[in-house]
Amino acid sequence: QLQLVESGGGSVEPGGSLRLSCVGSGDTLETYAIGWFRQVPGKEREGVSCIGRNGFLTDFTDSVKGRFTVFRDNSKNTAYLRMNSLKPDDTAVYYCAAVDPTIVTGYYCARGGLPGAGYYAYWGQGIQVTVSS
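Criteria and thresholds
Residues numbered from 1 in each chain as written. Predicted model: local features only at pLDDT ≥ 70, side-chain atom pairs only at ≥ 80, totals over all residues. Heavy atoms only, no water. Helix = DSSP H or I, 4+ residues; strand = E, 2+ residues; numbered from the N terminus. Buried < 20%, exposed > 50% of the residue type's maximum accessible area, 1.4 Å probe, protein only. Core = buried A, V, L, I, M, F, W, Y, C linked by side-chain atoms within 4.5 Å. Contact = heavy atoms within 4.5 Å. 1 Å grid on protein atoms, 1.4 Å probe; cavity = no way out; pocket = protein on both sides within 12 Å on 5 of 7 lines; lining within 4 Å. Points joined across faces, edges and corners; volume = space filled by probe spheres on them. Nonpolar A, V, L, I, M, F, W, Y, C, P; charged D, E, K, R; others polar. Pairing = 2+ DSSP bridges.

### Quick word on the overall build of the protein
Piece 1. Along the backbone of the protein there are 0 helices and 11 strands.
Piece 2. Ordering the α and β elements of the protein from the N terminus gives β-β-β-β-β-β-β-β-β-β-β.
Piece 3. Seen through its principal axes, the protein has C-alpha atoms that stretch 45 × 30 × 25 Å.
Piece 4. The buried share of the protein, reckoned over its 133 residues, is 43%.

### Here we look at the nonpolar core
Piece 1. L20, I34, W36, F68, L81, M83 and Y94 are the most contacted members of the largest nonpolar core, which totals 27 residues.
Piece 2. At the level of secondary structure, the elements contributing two or more residues to this core comprise β3 (18-25), β4 (33-39), β5 (46-51), β7 (68-73), β8 (78-83), β9 (92-99) and β11 (127-131).
Piece 3. The element that contributes the greatest number of residues to this core is β9, accounting for 4 residues.
Piece 4. Contact partners of M83, with chain neighbours within four places excluded, come to G16, S17, L18, L20, R67, F68, Y94 and V129.
Piece 5. One finds A33, C50, A97 and Y120 within the second-largest nonpolar core, a separate group that totals 8 residues.

### Considerations on the layout of surface pockets
Gaps between atoms show up when a probe of the same size as a water molecule is rolled over them.
Piece 1. Here the largest pocket is characterised by a volume of approximately 220 Å³.
Piece 2. Taken together, A33, G52, R53, N54, F56, L57, P101, Y107, Y108, C109, A110 and R111 make up the full set of residues lining the largest pocket.
Piece 3. Grouping the constituent residues of the lining of the largest pocket by class yields 8 nonpolar, 2 polar and 2 charged.
Piece 4. One number sums up the size of the second largest pocket: a volume of about 180 Å³.
Piece 5. Along its surface, the second largest pocket is lined by 13 residues, and R38, V40, K43, E46 and D89 are the ones closest to its centre.
Piece 6. Partitioning the lining of the second largest pocket into residue classes produces 2 nonpolar, 3 polar and 8 charged.

### Remarks on the environment of T31
Piece 1. Residue position: T31 is located in the loop between β3 and β4.
Piece 2. In this structure T31 touches R53, V99, D100 and P101, once residues within four positions along its chain are discounted.

### Describing the pairing of β5
Piece 1. Of all 6 residues that make up β5, 5 are buried, and the element is covered over most of its length.
Piece 2. Strand direction decides the pairing type here: β4 and β5, joined by 5 bridges, are antiparallel. Paired with I34 across the two strands is I51, which belongs to β5.
Piece 3. One ladder, built from 3 bridges, connects β5 with strand β6 (residues 58-60); its direction is antiparallel.

This is how it looks when you write it as structure tokens:
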């Protein structure tokens, strides 16, 4: 079955950039839509972005629109989240997740808001992003 591993996190000053990678193994990532989430202590896991199987459909939460970009390279079994103009409020553990939208009823990446975490069957381990001076 599918496994996901995130990389590319770390510490950066406000205004800086990071690119997170999500590498799939055990299955073909092209089968799956990908979600990005983040979580800070004491708060619910927040949807950040999603991207459809071929990259045609994308969406973002309002707080990151214009700053973050999501894309994928299915030939490398990898999805990416490029984060620019980072703010301290972006500090969190970031997760990638995967769902097969052909078998999960009601999943839509770019219609009616970001899909909730419950749609996603596969999750990465999480990776820390810290934005501070």
